[in-house]
Amino acid sequence: MTLASLPLGQRPEGRTALGARWIVACDENGHRLLRDGEIVIEGSEVLYVGPEFPGEVARRIDLGEMLISPGFVDLDALSDLDTTLLSVDYGPGWATGRVWPQSYVDRGPYEMYSPEELVFQKRFAFAQLLRNGITTALPIASLFYREWGETVAEFEAAADLAGELGLRVWLGPAFRSGGMVCTAPGVLEPVFDEARGLRGLEDAIAFAGRMAGRHGGLVQTMLAPDRVETCTIDLLRRTMAASAEMGLPVRLHMAQGRMERAVMARLHGTTAPDWLARHDLLSERLIAPHAVEAEDADLDLYAAHGVTIAHCPLVYARDGEGLRSFRRCRDKGIRIGMGTDTAPPDMVLNMAVGLMMGRAVGGGAEGLTTAEIFDAATIGGADALGRPDLGRLRPGARADIAVFDLADPWFAPGVDPIQTLIFGATGRVTRAVFVDGRLSMRDGAIVGHAPDDMRRQAQAQFDRLVAKYPDRTFGHPAVDRIFPPTYPLL
Ligand SMILES: [Zn+2]
């Protein structure tokens, strides 16, 4: 039998045995490579991983020259039509629509997408994640084009989307107490609205309690204060208290940028990790993208309190920056998970860039092993969520599986299967994805999705957003002056 015999978007009846040239199996010591083995899934679980299964199965599918892998766990999963792409070659942020000018604040910030566009954006993004072998996602999107924070309504819709498409998610609308405002060229001032931040938190707590466990457990919840410099200590204190009470992960961007460092130093006289530590708010429930601006003492605090770093190498490598370093963090005992954070939401590419950057800044080939970066994209993220049944293929684990084509012509010659995948540096060889035992993606196909139509719709929506950039760019220059072409137009 072939994968084509399985109904897309559904959980096959009875036991399904999947055989392939290679399987990333897991035992008590971690990932192990199994050659010419089989994995048997039944319902939503992995029943067996090993040599050919001796028991009865409803069907047996030989995938041939493929790699059966645990699906990736994406702790900062792009759920946006990515606007950070507009910040790679253009800057500084205040001159390119990434810091609100005072004039935009005075006129009243507004939602630059309609409610329908916000839902479409997540539908498009969730499909992209599945096509890249990502089975667990903690969505992230920009707040620059929002009126303030994310809304409960769009996250209720996102929960149903995850159920419809078959993607495991941890959802929480992003909230914040403040933001940066540009009052003169290059002059940035933090402004706060404490009551608005606390209302956002209350909404997020109610959402988290109401939505956790929806769609057969596929939907879980988190609290997502946006960026540390836009939060007051009271907001963060209440966030961490709710997290402790409800057992929810908290994702908070910190030690992630130079502007943040400057603002934290000015407002609080220290770094973000130190500020939180002084208020006893660091915990093992905290997932902190991106740590590229973390001091050694900050990393010591992460290690002491069990904070997980969400490592997103691609988005930083484009600016020539990176985590310093993967090796140092691991040597300190810090847990590292991974995130995509930018387009393309490709975890394989992120592993490739992470490996190169990790070695560039951290001791050459000894700085980081291929196994370590693969562990981060699977086990590291699962452990950050307290889920030993994710990120690993072993009996009793959730059947969250990605199938990669090792015979893709782009990959010739192949070496070891993990090296072939990571050195090949593209998730486009993802042929199938199972989430909770359900076939969510096969050869790019996802239930209810027409990729070409969706790409056109996504581009049109993105173009409409770009046309609004002058509204929130200092001095309101025309779009072609904010984003000039790479070469002069002929
Ligand atoms: Zn991020």
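Residues numbered from 1 in each chain as written. Predicted model: local features only at pLDDT ≥ 70, side-chain atom pairs only at ≥ 80, totals over all residues. Heavy atoms only, no water.

1. Here's the deal with the overall build of the chain
As a reminder, the rule being used: To qualify as a helix, a DSSP run of H or I must reach at least 4 residues; to qualify as a strand, a run of E must reach at least 2; elements of each kind are numbered from the N terminus. Radius of gyration here uses only the C-alpha atoms, and the compact-globule reference equals 2.2 Å multiplied by the residue count raised to the power 0.38. The classification of residues rests on relative accessible area computed with a 1.4 Å probe and restricted to protein chains. Under 20% of the type maximum is buried, over 50% is exposed, and intermediate values are partly exposed. Two residues form a contact once any of their heavy atoms are found within 4.5 Å. Here the Shrake-Rupley method, with its probe set to 1.4 Å, supplies the accessible areas, and only the displayed protein chains count as covering residues. Under the convention used here, Asp and Glu are negative, Lys and Arg are positive, and both His and the chain ends fall outside the count. Every charge is mapped onto a representative atom, which is NZ of Lys, CZ of Arg, CG of Asp or CD of Glu.
Tallying secondary structure elements over the chain gives 15 helices and 21 strands in all. Here the chain has a C-alpha radius of gyration of 22 Å; the compact-globule value for 490 residues is 23 Å, and the two agree. Each of the three principal axes of the chain carries a C-alpha extent, and together these read 70 × 50 × 50 Å. For the chain, buried positions account for 58% of its 490 residues. Long-range contacts, defined here as pairs at least 24 residues apart, represent 76% of the contacts in the chain between residues at least 6 apart. Total accessible area on the chain stands at roughly 18800 Å², and carbon and sulfur atoms take up 52% of it. Charged side chains in the chain number 50 positive and 65 negative. The centres of these two groups are separated by 1 Å.

2. Examining empty space enclosed by the protein
The test is simple: With a 1 Å grid laid over protein atoms only, a set of points is called a cavity when a 1.4 Å probe fits there but cannot get out and a pocket when it is open yet has protein on both sides within 12 Å along at least five of seven lines; lining residues have an atom within 4 Å of a point. Grid points are joined across faces, edges and corners, and a volume is the space filled by probe spheres set on the points. Polarity classes work like this: nonpolar for Ala, Val, Leu, Ile, Met, Phe, Trp, Tyr, Cys and Pro, charged for Asp, Glu, Lys and Arg, and polar for all others, with Gly in that last group.
Throughout the structure, instances matching the rule amount to four cavities of 30 Å³ or more. In this structure, the largest cavity is lined by Pro139, Ile140, Ala141, Glu150, Phe155, Gly172, Ala174, Ala224, Asp226 and Arg251. Looking at side-chain class alone, the lining of the largest cavity contains six nonpolar, one polar and three charged residues. Space inside the second largest cavity adds up to approximately 40 Å³. Every residue along the wall of the second largest cavity is listed here: His311, Pro313, Glu321, Gly322, Leu323, Phe326, Gly354, Met357 and Gly358. Of the residues belonging to the lining of the second largest cavity, the class tally is four nonpolar, four polar and one charged.

3. Regarding the packing of helix 11 (residues 347-361) against helix 13 (residues 417-424)
The condition that has to hold: To get an axis, a line is fitted to the C-alpha atoms, and for a helix only the part in contact is used. The angle between two axes follows their N-to-C directions and goes from 0 to 180 degrees. When an angle is under 35 degrees it counts as roughly parallel; over 145 it counts as roughly antiparallel; between 65 and 115 it counts as roughly perpendicular; any other value is oblique.
Where helix 11 meets helix 13, the closest approach of the two axes is 7 Å, and the angle between their N-to-C directions is 90 degrees. With respect to their mutual orientation, helix 11 and helix 13 come out roughly perpendicular. On helix 13, the residues that touch Val348, Met351, Ala352 and Leu355 of helix 11 are Leu421, Ile422 and Phe423. Across the contact of helix 11 with helix 13, the residue classes tally to seven nonpolar, no polar and no charged.

4. Overview of the nonpolar core
What tends to happen in soluble globular proteins is that the nonpolar side chains get buried as a cluster. Basically, it comes down to this: For this analysis, a nonpolar core means a set of buried residues of the types Ala, Val, Leu, Ile, Met, Phe, Trp, Tyr and Cys, connected via side-chain atoms within 4.5 Å. Where each domain begins and ends is defined by an automated method or by a domain database.
Membership of the largest hydrophobic core comes to 84 residues, with the highest contact counts inside it found for Met254, Leu276 and Tyr302. Taken domain by domain, the makeup of this core includes at least three residues from each of domain 1 (1-70 + 391-449) and domain 2 (72-389). When neighbours within four sequence positions are excluded, methionine 254 is seen to be in contact with Val228, Glu260, Ala272, Pro273, Leu276, Leu282, Leu286, Ala288, Pro289, His290, Ala291 and Tyr302. One finds Ile61, Leu63, Ala432 and Phe434 within the second-largest nonpolar core, a separate group that totals 23 residues.

5. Focus: the coordination of the zinc ion
Formally: Atoms are scored as donors when they are N, O or S and lie within 2.8 Å of the metal, with 3.2 Å used for Na, K and Ca; no water is included, so coordination may look incomplete. Site shape is set this way: if four donors have all angles between 85 and 135 degrees, tetrahedral; if opposite donors are over 155 degrees apart and all others between 65 and 115, square planar for four donors and octahedral for six; otherwise irregular.
Donor atoms from the polypeptide that coordinate the zinc ion comprise Asp76 (OD), His253 (NE2), His290 (NE2) and Asp341 (OD), at 2.1 to 2.8 Å from the metal. Taken together, the four donor atoms surrounding the zinc ion define angles of 74 to 140 degrees at the centre, an arrangement classified as irregular.

6. Details of helix 8 (residues 296-305)
Operational definition: Along the arc lie the directions from the helix axis toward the C-beta atoms.
Buried within helix 8 are the following residues: Asp298, Leu299 and Tyr302. Along the axis of helix 8, the buried residues cluster in a sector spanning 100 degrees; they form a single face. Contacts from the buried residues of helix 8 go to helix 7 (272-278), strand 16 (286-288), strand 17 (308-311) and helix 10 (326-331). Once helix 8 ends, the next one or two residues include glycine 306, with phi positive near 75 degrees.

7. Observations regarding the pattern of salt bridges
For clarity, the cut-off: Salt bridge, as applied in this entry: a Lys or Arg side-chain nitrogen positioned within 4 Å of an Asp or Glu carboxyl oxygen.
Using the criterion set out here, one finds 38 salt bridges in the structure. One salt bridge connects glutamate 117 with arginine 464, and the closest N-O pair in it is separated by 2.7 Å. On the criterion of sequence distance, the pair formed by glutamate 117 in helix 2 (residues 115-131) and arginine 464 in helix 14 (residues 451-467) is long-range, its members being 347 residues apart. For arginine 464, a relative accessible area of 42% corresponds to the partly exposed category. Across the pair aspartate 234 and arginine 238 runs a salt bridge whose closest N-O atoms are separated by 3.2 Å. In this pair, aspartate 234 and arginine 238 are both assigned in helix 5 (residues 233-246), four residues apart and thus about one turn of the helix distant.

8. Comments concerning the domain arrangement of the chain
Interface size is commonly expressed as the accessible area that is lost once the parts come together. For the record, the criterion: Note on definitions: buried area is the accessible-area loss of two parts on being combined, 1.4 Å probe, summed for both.
Domain annotation for the chain reports domain 1 (1-70 + 391-449) and domain 2 (72-389). The partner domain 2 presents 35 residues to the 34 residues of domain 1 that form the contact. Together, the buried faces of domain 1 and domain 2 total about 2800 Å²; carbon and sulfur atoms form 61% of this surface. Looking at the side of domain 1 facing domain 2, the largest losses of area belong to Arg392, Ile422 and His449, adding up to 21% of the total buried there. The tally of links between domain 1 and domain 2 comes to four salt bridges. Two residues, arginine 398 and aspartate 389, come together in a salt bridge whose shortest N-O distance is 3.7 Å. Looking at the side of domain 1 that touches domain 2, the elements that each hand over two or more residues are strand 5 (66-70), strand 19 (401-405), helix 13, strand 20 (430-435) and strand 21 (438-442). When grouped by side-chain class, the residues that make up the side of domain 1 that touches domain 2 number 16 nonpolar, 12 polar and six charged.

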